[in-house]
Amino acid sequence: IVERSTLKKPILLHIPKTGGTTLFLAVTGATVPLKPNALYRHVQLNVDRTEMVSNSGDIFDGSAHKKYPGHKYIVISRDPLERLESEFGFFGTRNIFRDVWKRKIGSNFPTSLLEYISHQATSNSICKFLLGYDLYGKDSIDEQKERQIISTFDNLEFVFGLMNEMSLSFKNVEHQCKMK
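Residues numbered from 1 in each chain as written. Predicted model: local features only at pLDDT ≥ 70, side-chain atom pairs only at ≥ 80, totals over all residues. Heavy atoms only, no water.

Peer 1: Could you clarify how one ought to interpret the packing of helix 1 (residues 20–28) against helix 8 (residues 166–176) in this entry?
Peer 2: Two quantities define a packed helix pair, namely the angle between the axes and the distance from one axis to the other. Helix 8 packs onto helix 1 with a crossing angle of 50 degrees between their chain directions and a minimal axis gap of 10 Å. What the angle tells us is that helix 1 and helix 8 run oblique. The handedness of the crossing between helix 1 and helix 8 comes out as right-handed. Seen from helix 1, the contacting residues are Thr22, Leu23, Ala26 and Val27; seen from helix 8, they are Met166, Phe170, Val173 and Glu174. Tallied by class, residues from the contact of helix 1 with helix 8 come to six nonpolar, one polar and one charged. (Axes fitted to C-alpha atoms, helices over the stretch in contact; angles between N-to-C directions. Helix = DSSP H or I, 4+ residues; strand = E, 2+ residues; numbered from the N terminus. Parallel < 35°, antiparallel > 145°, perpendicular 65-115°, else oblique. Left-handed = near helix turned anticlockwise from the far one by under 90°. Contact = heavy atoms within 4.5 Å. Nonpolar A, V, L, I, M, F, W, Y, C, P; charged D, E, K, R; others polar.)

Shown next, in the form of structure tokens:
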């Protein structure tokens, strides 16, 4: 049996609208989510509020095994269409995200889900998140970047959960990360 105190804390990659806040609060006992940091990877606005980027890019740049030896990485996934619909509703009802869109894209935030998902700025949003790119930026995800993401998932120790099975996901994370 490995003592919990000797384990490295897991790193949670909170892909937007996948239940990451719920998972974080449940497994840590916290009452409010943290700001993004080394153990909690999430979207953050830059200082002048013109870009939304995640702080997970260093995990997917090929050097995480050297930077974070012994860590496990937690990811919750969600049906992609449900996630996009939730993201559209969440971002579209908050002034801060609509303002970022207007400054970055130069037009008003989309008024329909179809317009949102058809816009070039929202293509490959999960890949952009994982790579630490601006979520509404013009960075494209080519085949080499896709291979880099797949390689990271293949070579690091990830613990996965499903939003639609959150109770089982909590148990899996607690068990795999020896959090109880």
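Following the structure, the description resumes.
Peer 1: Help me out: how do you make sense of the side chain of Ser54 in this one?
Peer 2: Within the secondary structure layout, Ser54 lies in strand 4 (residues 52–54). Of the polar contacts made by the side chain of Ser54, one reaches the side chain of Ser56; its length is 2.8 Å. A polar atom in the side chain of Ser54 sits 2.3 Å from the backbone oxygen of Phe129. Once you skip the residues sitting within four places of it in the chain, Ser54 turns out to touch His42, Val43, Gln44, Phe129, Gly132, Tyr133 and Leu135. (Polar contact = N/O pair within 3.5 Å; in protein donor to acceptor, adjacent residues only side chain to side chain.)

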